[in-house]
Amino acid sequence: MLMKVILFVVLVAIALYLYKRTQAVAKQELDKKAPNPEYTKSPVATPSESNIAQKDQAVESTDAASSEPEVIPDTVTTVDVESESELEPKPEEIIAAEPEPEVESVAKMTSGSETPVESNAVASSESDKKLVSLAAVKGDWASDSFKQLVEAANNAVEPQAQHDAVADVVGHCYKMRKQADYCQYGAALKMLYLDLFSVIYQQHDKNGSDEIKAPAFMQLSTLLNDTGEFEQAISVCQQALEYQLTDGTVTGFEGRISRIEKAKAKAS
């Protein structure tokens, strides 16, 4: 609708300009064609051929000036620019007024997003501080000392403390492996312990410290073997070999792998 109004005003301005232009040109032609009283009163009344030629040239020049169409578009374009520049501030004011609420909304979004970022940072820091989450012990089969070991593992913060606490839980399950509940609980800690040991191993490798003793590898392989998870038990032994660990026996983890494979063959 606004563009139609602007177009209408521009057309009206062009029409007025053309009307005034034609009147001015017609007036000039009338003034030039009208006889001069001074020349009529002079005794020389007959014009010469040179004067007639000059008048013809003047008339032709005025006709050419009035008939030239190129001058009008140039002036028309200037009128268009001026008229549009006069009419455009109104929509510009409207458009300039609209972005203000958008800026406010962006400010609200950014200000509102600060809290989630902070909460995420807090959550990530808390998750970094507490990576261990052992399953709650339920039932009469668990002793009070075992529950305390599980609680200590869940409360451990540093990687070394977490590793040692989980290793204690695995060791207690290994001692009590004759009971199925302890055996299954300890075997389920395989992935958690391997992840913790990987972190500790990297720290020791960077520091160049002494060889790490990890009896939990042997204990986990035994618990997994007793629960019938032979492939998982072999996988634990293979990872122990990659870390160049020993199980304290003569044959080492190589002999343990062969014994697990024999037990697997018997079970099948």
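This one's a predicted model, so the numbers in the text were calculated from it and none came from an experiment.

A.B. asks: Residues and numbers for the packing of helix 8 (residues 159–175) against helix 11 (residues 216–226), please.
C.D. replies: Packing of helix 8 against helix 11 leaves a shortest axis separation of 9 Å and a crossing angle of 45 degrees. Accordingly, the angle class assigned to the pair helix 8 and helix 11 is oblique. Between helix 8 and helix 11 lies a crossing of left-handed hand. Contacts between helix 8 and helix 11 pair A167, V170, G171, C173 and Y174 from the former with A216, M218, Q219, L220, T222 and L223 from the latter. For the contact of helix 8 with helix 11, the residue count by class is 8 nonpolar, 3 polar and no charged.

A.B. asks: Before we move on, could you go through the pattern of salt bridges and cite the residues and values that matter?
C.D. replies: A side chain with one charge may pair with a side chain of the opposite charge, provided their charged atoms come close. All chains considered together, the criterion is met by 3 salt bridges. Among the salt bridges present, the one from K264 reaches E231, with a minimum N-O distance of 2.0 Å. Placement of the pair is K264 in helix 13 (residues 252–267) and E231 in helix 12 (residues 230–242), with a sequence separation of 33 residues. For E231, a relative accessible area of 47% puts it in the partly exposed group. The salt bridge partner of R256 is D247, with a shortest N-O separation of 3.1 Å. Just as R256 is buried, D247 falls in that class too.

A.B. asks: Can you explain unusual backbone geometry? Please cite residues and give values.
C.D. replies: Not every positive phi belongs to a glycine, and Q244 is a case in point at roughly 60 degrees. Relative to the elements of secondary structure, Q244 occurs in the loop between helix 12 and helix 13. The class for Q244 is exposed, based on a relative accessible area of 65%.

A.B. asks: Kindly report on the confidence of the model for the chain, identifying the contributing residues and their values.
C.D. replies: On average, residues of the chain carry a pLDDT of 73, and 61% of them reach 70 or more. Across residues 39–48 the pLDDT falls below 50, and counting only partners more than four positions away or on other chains, this stretch makes 2 contacts in the model. Note on residues 61–128: pLDDT is under 50 here. Beyond four places in sequence and across chains, it has 17 contacts.

A.B. asks: Can you lay out helix 11 for me, pointing to particular residues and giving the numbers?
C.D. replies: Residues lying three or four places apart along an α-helix face the same way, a consequence of the helix completing one turn every 3.6 residues. Across the 11 residues of helix 11, 9 count as buried, placing the element largely inside the fold. Those residues of helix 11 not exposed but buried are A216, F217, M218, Q219, L220, S221, T222, L223 and L224. Residue G228 follows helix 11 closely and has a positive phi angle near 85 degrees.

A.B. asks: Kindly report on the packing of helix 9 (residues 180–187) against helix 11, identifying the contributing residues and their values.
C.D. replies: Where helix 9 contacts helix 11, the axes come no closer than 9 Å and their chain directions differ by 120 degrees. Relative to helix 11, the element helix 9 is oriented oblique. Relative to helix 11, helix 9 is oriented so that their crossing is left-handed. Where helix 9 approaches helix 11, its residues C183, G186 and A187 are matched on the opposing element by L220, L223, L224 and D226.

A.B. asks: Just give me the short version of the nonpolar core, but keep the residues and values in it.
C.D. replies: Of all hydrophobic cores here, the largest spans 42 residues; its most connected members are F146, V169, Y185, Y193 and F217. Setting aside residues no more than four positions away along its own chain, V169 makes contact with L134, F146, L149, V150, A153, Y185 and L189.

Rules of the game
Residues numbered from 1 in each chain as written. Predicted model: local features only at pLDDT ≥ 70, side-chain atom pairs only at ≥ 80, totals over all residues. Heavy atoms only, no water. Axes fitted to C-alpha atoms, helices over the stretch in contact; angles between N-to-C directions. Helix = DSSP H or I, 4+ residues; strand = E, 2+ residues; numbered from the N terminus. Parallel < 35°, antiparallel > 145°, perpendicular 65-115°, else oblique. Left-handed = near helix turned anticlockwise from the far one by under 90°. Contact = heavy atoms within 4.5 Å. Nonpolar A, V, L, I, M, F, W, Y, C, P; charged D, E, K, R; others polar. Salt bridge = Lys/Arg side-chain N within 4 Å of Asp/Glu carboxyl O. Buried < 20%, exposed > 50% of the residue type's maximum accessible area, 1.4 Å probe, protein only. pLDDT = per-residue confidence, 0-100. Core = buried A, V, L, I, M, F, W, Y, C linked by side-chain atoms within 4.5 Å.

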